[in-house]
Each structure stands twice: as structure tokens, then as C-alpha cells.
There are 2 protein chains.
Amino acid sequence: MSVTVVGSIAFDAVRTPHGGRERMLGGAAVHFSLAASFFDEVRVVGPVGDDFGADEYAVLHGRAVNTDDIEHVEGGKTFFWSGVYGHNMNSRDTLETDLNVFETFDPKLSEDSKACEVLFLANILPELQLGVRKQCDQATFVALDSMDLWINIAREKLVQAIETVDCVILNDSEVELFTGEREVVQGARKIIELGPSAMVVKLGKYGAALVTADSSFWIPAFPVAFVADPTGAGDSFAGGFVGAIATALQAGEDVTAETMRLAMAYGTALASFNVEEFGTERVARLTAEEVVERVKELQRITSFDAEKKLALT
Amino acid sequence: MSVTVVGSIAFDAVRTPHGGRERMLGGAAVHFSLAASFFDEVRVVGPVGDDFGADEYAVLHGRAVNTDDIEHVEGGKTFFWSGVYGHNMNSRDTLETDLNVFETFDPKLSEDSKACEVLFLANILPELQLGVRKQCDQATFVALDSMDLWINIAREKLVQAIETVDCVILNDSEVELFTGEREVVQGARKIIELGPSAMVVKLGKYGAALVTADSSFWIPAFPVAFVADPTGAGDSFAGGFVGAIATALQAGEDVTAETMRLAMAYGTALASFNVEEFGTERVARLTAEEVVERVKELQRITSFDAEKKLALT
């Protein structure tokens with residue numbers, strides 16, 4: 001059994017109030033892969049250029065990510081993004097986006113990648129997501145991420161892609177843009193009505209919500225002492241979340257609401273490690289024990305006893 | 001045993017994306033009182049003018065709030081505030097603030113109000129908070145709210161007031177303004193170092209955090225279907241939180257971390273009812289059963305099983 005992820009592989013340049021990096025490994029598929037690698041075999045599909053070399057592969061191989069379907073475009077340059085985070089870290093400005101080889105990306109999946117049980121469609125053109133989804137027709141759990149750009153200019157294809165997946169992962173402002181609903185649950189339910197059984201709404205530094213047709217679940221971001229760089233937090237979340245679900249499937253379980261809640265905690269844990277340092281630096285040397293311990297700590301900091309009787313009047 | 005609250009009693013005019021009111025009962029002490037009234041006897045201390053009449057008293061008496069220490073200033077007008085909420089409801093612009101009788105407010109507490117076991121110092125001049133605190137010298141649990149204005153212009157007195165209380169309740173931007181710390185836990189701990197044993201950090205529509213010297217607890221806002229008017233949500237939260245603690249004290253318990261966590265859920269429940277309609281309209285006809293049910297629902301939407309074993313690699 002394995003997880004396939006299709007999406008961007010990038011070099012990022014970032015500045016945050018705590019420093020910056022001129023060039024670091026990034027991209028949605030990379031952050032997702034590293035996070036999901038704690039749970040299952042991960043195969044990453046995405047394009048790179050001549051500037052992507054042994055150092056970058058070493059990070060992925062360090063977490064046993066299968067890179068056979070990374071497509072090396074001869075003479076091309078890897079996707080480059082640079083941005084600056086504002087004071088509160090919940091907003092960022094893009095300085096530069098050089099799509100490079102990503103601009104003409106047409107995902108080519110090997111038979112092994114197509115045979116995945118779990119698929120994550122990271123944020124790419126909805127039409128490409130739809131094509132990949134069709135190729136991975138044995139997948140029992142498929143999640144999809146997107147962004148405001150596609151909601152604005154490729155809404156119809158995005159709706160078609162959403163209709164084919166089990167879970168949509170967006171942030172709260174994207175949900176509002178897409179549905180016109182201000183409240184998280186109401187907006188998420190409009191998306192669920194398109195077909196998915198669940199929706200994850202990312203709330204940035206405030207955590208995330210899981211919404212199904214008849215329930216919601218809320219988890220805060222793990223309160224790390226120091227946020228160095230939020231880049232990739234959402235994709236690390238997705239990797240932990242989708243990875244945990246893959247593990248449950250591998251154990252022969254159905255994807256229940258309870259499984260997805262625990263997966264939300266794993267996603268939250270992975271995202272929190274991701275932000276503690278720049279780019280992939282922290283997750284690359286993370287251990288499974290640290291992940292499990294943080295999930296337990298998440299339970300400790302969110303539990304209370306509602307059964308205790310108070311004398312209300 | 002009783003809870004005394006000292007703070008503003010007001011008429012509010014608000015506009016939100018869902019409508020508005022030209023003149024409705026409001027003020028921190030009013031919202032707090034109504035919420036806390038579900039837990040214990042509440043005595044409200046604050047000034048009103050000639051325009052404050054039977055209709056307003058009826059709302060407070062409808063929840064059995066003791067109004068003996070509402071000070072009627074002859075010839076005066078009640079504090080008036082008007083504001084407009086922006087699209088996302090997490091920010092608001094003040095259009096008008098007429099302090100009126102509140103401008104020269106000098107809290108006069110009866111012996112019964114001074115004899116309270118629990119005291120809430122709503123957002124007033126820190127010097128007045130300090131004076132009230134000293135008068136209520138038998139109180140075993142004292143909480144304090146404040147605002148950016150006092151942090152900016154009366155910091156020294158605010159620090160002195162904080163040194164005398166058990167719990168400080170501020171929103172996250174106020175914590176950052178006060179401490180310079182961007183992270184909630186780190187900021188709250190700087191305030192705890194001044195003397196309080198706990199700090200509640202309100203996160204607006206994202207919920208609230210409880211921070212002590214060695215723990216944190218996070219609870220989301222209850223996801224109501226419709227936010228009509230956020231005015232008073234923070235004070236309703238404080239009323240539910242402080243009220244629940246008063247109930248525990250009345251039952252002979254210490255104020256443990258577990259008690260405060262459950263109190264956070266009660267505060268969250270009360271705040272969520274408050275925002276469902278304008279001003280005090282919803283809480284005025286709320287029942288204890290509805291409050292308890294919402295607290296149980298809050299537990300349902302935040303629980304997950306971290307003990308379940310996943311096979312991580």
C-alpha cells in the first residue's frame with residue numbers, strides 16, 4: 001500500500017520576523033511527502049529542473065520518500081517562490097513566483113504511483129488534478145488542496161475535481177471565497193454537498209476544523225514556543241492527516257470520523273514541527289516518537305471533563 | 001456566596017452584516033452579569049443615567065441579578081457606544097463613545113457587594129480596579145479584564161491591579177501589546193509572572209486559551225450557525241468562566257486547573273449564545289439546560305483518542 005502525492009517541488013526564498021533563507025527546498029509535494037513519510041510509503045510526482053540535485057534528493061530519501069516519479073526536465077529550472085511573512089505570521093506577501101518547469105507540468109504517473117491506495121492532489125491546476133484522479137482509480141481515499149487562484153479562474157474544473165475526491169482541504173478564507181459562507185461549518189457543508197465525505201478547514205495559527213455532513217471537530221494549532229517559518233505548514237498538515245488515514249486503511253480499518261479526528265491531531269503535530277524551523281529543516285530530522293508525543297500533548301491541552309456536574313440555576 | 005462585578009452599563013448601537021440595533025442594553029457588567037447569573041448570585045456595580053429605566057432593570061431582574069448597587073446618577077445619561085462590525089466579524093470600528101455618567105464613575109460598593117467571594121473587575125480604569133480589589137478583601141477568586149487604552153496610558157496602575165488578582169482575561173492582541181510577545185503562551189506567562197495564577201487569552205471567533213505557569217488549554221469558539229452580533233461576547237465568556245469557578249468554590253472545591261478548563265467551556269458556551277442574537281436578547285431567555293447541553297457538545301467537537309496506536313515509521 002502506498003500514498004501518492006502530485007504537486008509542486010520548489011526552491012523557496014523566505015523572510016520572516018525571525019530570519020530567512022535565500023534558497024531552501026520547498027513545494028507542496030515535498031512538505032506533504034516528508035510529513036506523510038512517517039505513516040506509509042510515499043511516492044512523489046512533480047517536476048524539477050537542472051538545479052535540483054543530490055542535496056535535495058537526499059532530504060527526500062532521508063525520509064525514505066520514493067522519488068522515481070520526480071520528472072527531471074532537461075534544461076529547465078525548478079519552480080521558485082519567494083515571500084515575506086508579516087509580523088503576525090498569519091499573512092504573507094509573495095515577492096516572486098517563477099513557475100519555470102512547473103508551468104507546463106503534465107503529471108506522468110508510473111504504474112506504481114497509479115496503484116496507490118491513498119492519493120493527495122496538492123494545489124495544482126484543477127484540470128490536472130482531475131486527470132490524475134482518473135488515473136488512480138483504485139485509490140480508496142483521495143484528498144485535494146486548492147487555492148484562491150483556481151477558485152477565481154477555474155471554478156468549473158475545480159468543482160469537477162472536488163466531485164471525485166473524499167476530502168477537500170482549504171483554508172477558511174478559501175472556503176468563504178468558494179462558497180460565500182462566512183461560517184466555517186456552513187461553508188464546508190456546501191463543499192461536502194459536491195461529493196466529498198469530509199472537509200478540512202485550515203485556520204492558520206488558530207488550528208483546523210474537520211467538517212462532515214453531521215459533525216464538526218476542532219483542534220488548535222500546537223503552541224510552539226517559536227515560529228521560525230510557516231512555509232509548508234498547510235502541506236505538512238495535509239501529509240500528517242492523509243498519512244494517518246493511510247495507516248488506518250493499511251490496518252484494515254474504515255475511514256471513520258474517529259480516525260479522521262486522530263488524523264487531524266497528527267496533521268496538527270506535523271505542521272507544528274514544520275514551523276519551528278525554516279523549510280524542511282525540522283521535519284527532515286524529526287522522529288516518530290516526537291510525533292506521537294506531540295499528539296498526546298495535543299490531547300492533554302484540549303481535554304476537559306464536561307460530565308462534572310455544576311449547580312446551574 | 002456571591003459574585004460581584006464592577007464595570008460599564010451601557011446602551012449600544014450596532015450594525016453588523018446581519019442588521020443592527022439603534023439602542024440596546026449593553027455594557028461589560030451587564031453581559032457579564034447575565035452570563036454569570038446561571039451559576040451564582042450576582043451583584044452588579046456600575047453607573048446609569050436617567051435614561052436607564054424599568055425595561056433595562058427587567059432584563060437584569062429576569063435573570064435574578066442583584067441591582068442594588070447600580071448607581072443612578074441624577075440628571076446624567078447612561079454610557080453610550082456605537083460601532084460597526086466588518087465583514088469577518090472579528091474586527092469592529094467604533095463610531096461614537098459617549099462616556100456620560102461612566103466618565104466620573106467612582107465605584108461605591110455596599111457591604112454585601114464587598115463581601116463577595118468572587119470578584120470580576122470588568123474593563124475600567126486600572127486605578128478604580130485596584131480600589132475595588134482592596135475593598136473586596138475577602139474574595140478568594142478575582143479576575144480582571146482590561147483594554148489597549150489602559151495598556152497604553154495607564155500601564156503602571158494596570159500592572160499594580162494585575163498583581164492583586166488571580167486571573168487576567170485579555171484578547172491576543174492586547175497580550176501582545178502588553179508583553180511584546182507574539183505567541184499566546186509566552187505572552188500569557190509574562191503576565192502570570194506579575195502574580196496571577198492563570199490567564200485567559202481570548203482569540204475572538206477562534207476561541208480562547210487558558211495559560212498557567214506549567215500548562216495551556218485551548219478551546220474553539222462554539223460553531224454557531226449564525227453570528228448576529230459579537231458585542232458582549234468577551235464579557236459573556238468572562239461571566240460563564242468566572243461564574244463556573246464561583247460554583248466550584250461554592251461546592252467547597254479549590255480552583256484547580258481542571259475546574260478552570262471546565263469553566264472555559266462554560267464561558268465559551270455563554271459567549272456563543274450571546275452572539276446568536278443582538279445585545280442581551282439571546283442570553284436573557286437562555287436556560288440552564290441549553291448551557292449544559294452546549295458544554296457537552298463542545299466536548300464532543302473537541303475530543304479525539306490519542307491512545308489509539310498507529311504504526312509510525
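Quick caveat, the model's predicted, so the values are computed rather than measured.

The rules we used
- Residues numbered from 1 in each chain as written.
- Chains lettered and ligands numbered in written order.
- Predicted model: local features only at pLDDT ≥ 70, side-chain atom pairs only at ≥ 80, totals over all residues.
- Heavy atoms only, no water.
- Salt bridge = Lys/Arg side-chain N within 4 Å of Asp/Glu carboxyl O.
- Helix = DSSP H or I, 4+ residues; strand = E, 2+ residues; numbered from the N terminus.
- Buried < 20%, exposed > 50% of the residue type's maximum accessible area, 1.4 Å probe, protein only.
- Contact = heavy atoms within 4.5 Å.
- Buried area = accessible area lost by both parts, 1.4 Å probe.
- Polar contact = N/O pair within 3.5 Å; in protein donor to acceptor, adjacent residues only side chain to side chain.
- Pairing = 2+ DSSP bridges.
- Axes fitted to C-alpha atoms, helices over the stretch in contact; angles between N-to-C directions.
- pLDDT = per-residue confidence, 0-100.
- Least-squares fit on C-alpha atoms with pLDDT ≥ 70 in both.
- Phe/Tyr/Trp six-rings, centres within 6.5 Å; stacked < 30°, edge-to-face > 60°.
- Expected span 1.5 Å × (residues − 1).

Enquirer: For this particular structure, what's the right way to read the pattern of salt bridges?
Expert: Evaluated as defined, the whole model comprises 28 salt bridges over all chains. Arg-43 of chain B is the partner of Asp-112 of chain B in a salt bridge, and the nearest nitrogen-oxygen pair spans 3.9 Å. Of this pair, Asp-112 of chain B sits in helix H3 (residues 111-114) while Arg-43 of chain B is found in strand E4 (residues 41-48), placing the two residues 69 residues apart along the sequence. Between Arg-300 of chain B and Glu-297 of chain B there is a salt bridge, and its shortest N-O distance comes to 2.8 Å. Of this pair, Arg-300 of chain B and Glu-297 of chain B both sit in helix H12 (residues 288-300), three residues apart, roughly one helical turn. When its relative accessible area of 42% is taken as the criterion, Arg-300 of chain B is described as partly exposed. Among the charged side chains, a network of salt bridges with common partners joins Glu-41, Arg-43, Asp-68 and Asp-112 of chain A.

Enquirer: What's the story with the interface of chain B and chain A in this structure? I'm lost.
Expert: How large an interface is tends to be reported as the accessible area lost when its parts come together. Tallying the contact residues gives 55 residues for chain B and 55 residues for chain A. The largest per-residue losses of area from chain B upon contact with chain A belong to Arg-182, Phe-304 and Leu-312 of chain B, which jointly make up 16% of the total buried on that side. In this assembly, chain B and chain A are joined by two salt bridges. Residues Lys-308 of chain A and Glu-253 of chain B are paired through a salt bridge, measuring 2.4 Å at the closest nitrogen-oxygen approach. Summed over the shared surface of chain B and chain A, the result is 22 residue pairs in polar contact (both at pLDDT 80 or more). At the level of elements, helix H7 (172-179), helix H8 (184-192), strand E13 (216-219), helix H9 (233-250), helix H10 (257-276) and H12 of chain B are the ones that each hand at least two residues to the side of chain B that touches chain A. The leading source of residues in the side of chain B that touches chain A is H12 of chain B, at eight residues.

Enquirer: Which parts of the structure should I look at to understand the sheet that holds E4 of chain B?
Expert: Through backbone hydrogen bonds, the strands of a sheet pair up, either in parallel or in antiparallel fashion. Residue and element names in this part refer to chain B. In space, the nine strands of this open sheet follow the order E5-E4-E1-E8-E9-E10-E11-E12-E13, with mixed pairing throughout. Edge positions in the sheet fall to strand E5 (70-72) and E13, since each of these pairs with one other strand and no more. Neighbour to neighbour, the strand axes of the sheet diverge by 15° on average, direction disregarded. Pairing between strand E1 (residues 2-6) and E4: five bridges, direction parallel. The residue bridging Ser-2 from the neighbouring strand is Glu-41, located in E4. Strands E1, strand E8 (118-121) and strand E9 (141-145) of the sheet are contacted by helix H4 (residues 126-135), whose axis makes an angle of about 170° with E8.

Enquirer: What is the right way to look at the sheet that holds strand E7 (residues 92-98) of chain B in this model?
Expert: Residues and elements named next belong to chain B. Strand order in the open sheet formed by four strands is E3-E2-E6-E7, and the pairing between neighbours is mixed. In this open sheet, the two edge strands, each paired with only one partner strand, are strand E3 (19-26) and E7. Averaged over all pairs of adjacent strands, the angle between their axes in this sheet comes to 15°, without regard to strand direction. Taken together, the six bridges between strand E2 (residues 10-16) and strand E6 (residues 79-85) define a ladder with parallel strand orientation. When the bridges of E6 are listed, Arg-15 appears paired with Val-84.

Enquirer: Can you help me understand the confidence of the model for chain A in this one?
Expert: Detail in the predicted coordinates should be disregarded across regions flagged by low pLDDT. Chain-level pLDDT for chain A is 96 on average; 100% of the residues reach the 70-or-more range. Quick note on the complex model: pTM equals 0.95, ipTM equals 0.94.

Enquirer: Where do I start with the pairing of strand E1 (residues 2-6) of chain A in this structure?
Expert: Look at any regular strand and the pattern is simple: side chains alternate between the two faces of the sheet. Residues and elements named next belong to chain A. Buried residues dominate E1, accounting for five of its five residues. With burial as the criterion, each face of E1 is covered, one bearing Ser-2, Thr-4 and Val-6 and the other bearing Val-3 and Val-5. Pairing of E1 with strand E8 (residues 118-121), which is carried by four bridges, proceeds in the parallel orientation. Directly across from Val-6, in E8, lies its bridge partner Leu-121.

Enquirer: Please clarify how the relation of the copies chain B and chain A should be interpreted in this entry.
Expert: Superposition of the two copies of the chain requires a rotation about an axis and a shift along the axis. Each copy of the sequence occupies a distinct position, and chain B is placed on chain A by a rotation of 180° and an axial shift of 0.0 Å, giving an RMSD of 0.0 Å. On this basis, the relationship between the two copies can be described by a two-fold rotation axis. Interface residue correspondence from chain B to chain A reaches 100%, placing this contact among same-surface, isologous pairings.

Enquirer: Explain the packing of aromatic side chains here, please?
Expert: Two numbers describe a pair of aromatic rings. These are the distance of the centres and the angle of the planes. Residue and element names in this part refer to chain B. Counted under the stated rule, the structure contains 17 aromatic pairs over all chains. Measuring from ring centre to ring centre gives 6.0 Å for Phe-11 and Phe-52, while their planes differ by 45°; the resulting arrangement is tilted. Pair noted here: Phe-11 is in strand E2 and Phe-52 is in the loop between E4 and helix H2 (54-62), with a separation of 41 residues, a long-range link. Comparing Phe-11 with Phe-52 shows no difference in burial state: the two are buried.

Enquirer: Which parts of the structure should I look at to understand helix H9 (residues 233-250) of chain A?
Expert: Each α-helix winds once per 3.6 residues, and so residues spaced three or four apart point in a common direction. Residues and elements named next belong to chain A. Here H9 contains 18 residues, and its C-alpha end-to-end distance of 25 Å stays within 8% of the 26 Å for a straight helix at 1.5 Å per residue. Burial of H9 is extensive: 16 of the 18 residues sit out of reach of the surface. Gly-252, located one to two residues past H9, shows a positive phi value of around 85°.

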